[in-house]
Amino acid sequence: ACVLLLSYGAGLSQLVPPGTCDAGFYAITNDTADPDCRTCPSGSSCACGDGTPLLCAPGTTAATTGLSECVPCEGGSYQDLSGATGCKPCLPGHFCPKGASAPLPCEAGSYSEATNLTAAGECTACPAGTACSMGSTEPTLCPFGFFA
């Protein structure tokens, strides 16, 4: 259940019943103590007409204003910051599942130059005669006299 706590400043506040503002909006008060519904800003969500918009958590975004909830980043992208309006492409040598807040490195023995991988299994296995450390973007030839 949503309960609205409106702030008047100087430590004064008032509880307002849920539904004072529609989802995607937040309530502020004016001098008459009547709530004024404002559109939720981008990078935030306003699920219950709350008195304060909530910044989107890392791994989620709100690209437009007026959203009631933040949207997870699609697979192949990530967002490491709060309050974001868009996701970042995954990094080479990494993969990013849906809702990622950070790129995850390809496992040792695999690599990738791509920036849109969604799972570890999409990283490419290192070919014979090469080695790949965790997060590699390309295989490295084994030194003379060594093999992989």
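I will try to describe carefully the structure that is included in this document.

How each quantity is defined
Residues numbered from 1 in each chain as written. Predicted model: local features only at pLDDT ≥ 70, side-chain atom pairs only at ≥ 80, totals over all residues. Heavy atoms only, no water. Helix = DSSP H or I, 4+ residues; strand = E, 2+ residues; numbered from the N terminus. Buried < 20%, exposed > 50% of the residue type's maximum accessible area, 1.4 Å probe, protein only. Contact = heavy atoms within 4.5 Å. Areas by Shrake-Rupley, 256 points an atom, 1.4 Å probe, with all protein chains shown as cover. Disulfide = S-S within 2.5 Å. Salt bridge = Lys/Arg side-chain N within 4 Å of Asp/Glu carboxyl O. Polar contact = N/O pair within 3.5 Å; in protein donor to acceptor, adjacent residues only side chain to side chain.

**Things to note about the overall build of the chain**
Helices and strands together make up the secondary structure of the chain, namely 0 helices and 16 strands. Residue burial in the chain is summarised as follows: out of 148 residues, 31% are buried. Relative to all contacts within the chain whose residues are 6 or more apart in sequence, the contacts with residues 24 or more apart total 31%. Taken as a whole, the chain presents about 8400 Å² of accessible surface, with 59% of it coming from carbon and sulfur.

**Considering the environment of Thr115**
Along the chain, Thr115 turns up in the loop between strand E13 (110-111) and strand E14 (124-125). Between the C-alpha atoms of Thr115 and Gly93, which are 22 residues apart in sequence, the distance is 8.0 Å. Leave out the neighbours within four places in its chain, and Thr115 touches Gly76, Pro89, Cys90, Leu91 and Pro92.

**Concerning the state of the cysteines**
Inspection of the entire model under this criterion finds 7 disulfides. Between the sulfur atoms of Cys40 and its disulfide partner Cys46 the distance amounts to 2.2 Å. Looking along the S-S bond of the Cys40-Cys46 disulfide, the torsion reads about 80 degrees, which is the right-handed sense. Of the residues examined, Cys40 reaches a relative accessible area of 0% and is grouped as buried. Exposure remark for Cys46: the relative accessible area of 0% places this residue in the buried category. Here Cys90 pairs with Cys96 through a disulfide, and the sulfurs are 2.2 Å apart.

**Let's talk about the environment of Cys70**
Within the secondary structure, Cys70 sits in the loop between strand E7 (60-61) and strand E8 (71-72). A relative accessible area of 16% means that Cys70 is categorised as buried. C-alpha separation for the pair Cys70 and Ser42, spaced 28 residues apart in sequence, amounts to 9.4 Å. Setting aside residues no more than four positions away along its own chain, Cys70 makes contact with Ser44, Ser45, Cys56, Thr60 and Thr61.

**A closer look at the pattern of salt bridges**
Tallied over the entire structure, the rule returns 2 salt bridges. Residue Arg38 pairs with Asp36 through a salt bridge whose shortest N-O separation is 3.0 Å. Taking the shortest distance from any N to any O, the salt bridge between Lys88 and Asp80 comes out at 2.6 Å.

**Topic: the side chain of His94**
Along the chain, His94 turns up in strand E11 (residues 94-95). By relative accessible area, His94 is classed as buried at 18%. A polar side-chain atom of His94 sits 3.0 Å from the main-chain carbonyl oxygen of Pro92. Other than its neighbours up to four places away in sequence, His94 contacts Pro103, Leu104, Pro105, Cys106 and Leu117.

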